[in-house]
Amino acid sequence: MAAQGGGDSAGGRAGRALPPHSPSGAVLQTVEMHTGGEPLRIIPRLEAAEQAAAAGLSLLSLRREVAARHDHVRRALMHEPRGHAAMYGAVVVRGGAAAEGAHLAALFLHCAGYSAMCGHAVMALGRFALDYGLVPAPTRPETAVRLRCPCGPVTAFVPWDGHRSRNPVRFHSVPAFAAATDLPIDVPGHGKVVVDIGYGGTFYAFLSAEQLGLDVCSSKTRDLVSAASAVTEAVKKQFKLHHPESEDLAFLYGTILTDGKDAFSEEPTTNICVFADEQVDRSPTGSGVTARIALQYHKGLIQLDQTRTFQSSTTGSLFTGKAEAKFGNYKAVIVEVSGEAFYTGTATFTVEEEDPLKHGFFLK
């Protein structure tokens, strides 16, 4: 666990720093942030993960290990009563095979499980790495923070004034590519639609909300969520994904509904991302922006170094993205995404063993 809590000595109740908790129960300390409105609950240390990494587990293997043996940590911090249906988290892993020479590795958590990539988390973790001393010698005016994500290595570039990190933070993605374009999918309740599938560290289906009889800016969020979720399930049944490096990465994370404005423009394009188990991203979605830029580049709608602005339909927050460079022979690109991440606090969570809901519950 992040730390182990012990009992208080007799007569020491008045000086307790924590509420009563089980001597064998976990004390979980977190740093709270958000990027574009999307929360990030950072777990700076999880001893079980560090031990597994030190024993030689790769980050993808560590992801499976934590899911199989320590999933109660995710459930306790993502689910109610400590979390909520839209909570997102990251476990920081330092050293060992998982980090592979990076300043830190990260496991990404959400209410339904674990992701392979999370752009909003990468931007927040870039600031966290500098402010919490994970980068030995930060440089001004900007420091490169090397992170290892389950999908591969990414680099965040974080402003540093000599005392603290600043915004905006940008990152360079893993190779991003178009997995399918103009793919006809039969969606129950909506009929046949045409989707694109892009990879930006994880796979998303993209289509305009108009195809579903909706408007991404004015329709009710509940209607957008239901429609996007129906698309996700239909794509999973009708199209088999493949990743050139690992089949562990070959899963559809969610669907992003757009305003249909895919051609390059100086004006923002708006979208909403519905991922995992009907979870709604409050930000424009960093890995989604990455995948959408890769699709636009593949279709000839955007050129290298043309910067586009992406707006969240839920909060109005903005990310920018551009295709930085071609990668290999797969028509993949390295995408740069930029946004703003902010601290919201710190927290210490305790567990009482007799609590029947100690590992959380998920109410949809």
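Definitions and cut-offs
- Residues numbered from 1 in each chain as written.
- Predicted model: local features only at pLDDT ≥ 70, side-chain atom pairs only at ≥ 80, totals over all residues.
- Heavy atoms only, no water.
- UniProt positions renumbered as here; feature names shortened; annotations may be inferred.
- Phe/Tyr/Trp six-rings, centres within 6.5 Å; stacked < 30°, edge-to-face > 60°.
- Helix = DSSP H or I, 4+ residues; strand = E, 2+ residues; numbered from the N terminus.
- Buried < 20%, exposed > 50% of the residue type's maximum accessible area, 1.4 Å probe, protein only.

- Taking an unreviewed UniProt entry as the reference, the protein is identified by name as trans-L-3-hydroxyproline dehydratase belonging to Prunella fulvescens.
- Quoted straight from UniProt, the Sequence similarities (unreviewed entry) entry for the protein says "Belongs to the proline racemase family."

1. Thoughts on the packing of aromatic side chains
Link 1 in the chain: As enumerated under the stated definition, the model contains nine aromatic pairs in all.
Link 2 in the chain: Centre to centre, the rings of F177 and Y199 are 5.0 Å apart; their planes meet at 25°, and the pair counts as stacked. With a gap of 22 residues between them, F177 in strand β10 (residues 177–187) and Y199 in strand β11 (residues 191–199) connect regions that are remote in the sequence. No difference in accessibility class separates F177 from Y199, as the two residues are buried.
Link 3 in the chain: Here the aromatic rings of Y199 and F203 are separated by 4.7 Å at their centres, their planes lie at 50°, and the arrangement is tilted.
Link 4 in the chain: Residue class for Y199 comes out buried when judged on its relative accessible area of 1%.
Link 5 in the chain: The class for F203 is buried, based on a relative accessible area of 0%.
Link 6 in the chain: Clustering of aromatic rings is evident, with ring pairs tying together Y88, Y204, F206, F251, Y253 and F275.

2. As for unusual backbone geometry
Link 1 in the chain: Residue P141 follows R140 across a cis peptide bond; omega there is 0°.
Link 2 in the chain: Within the secondary structure layout, P141 lies in the loop between α5 (119–131) and β7 (142–149).
Link 3 in the chain: Going from N167 to P168, the amide bond is cis rather than trans, its omega being -5°.
Link 4 in the chain: Structurally, P168 can be placed in the loop between β8 (152–159) and β9 (169–172).

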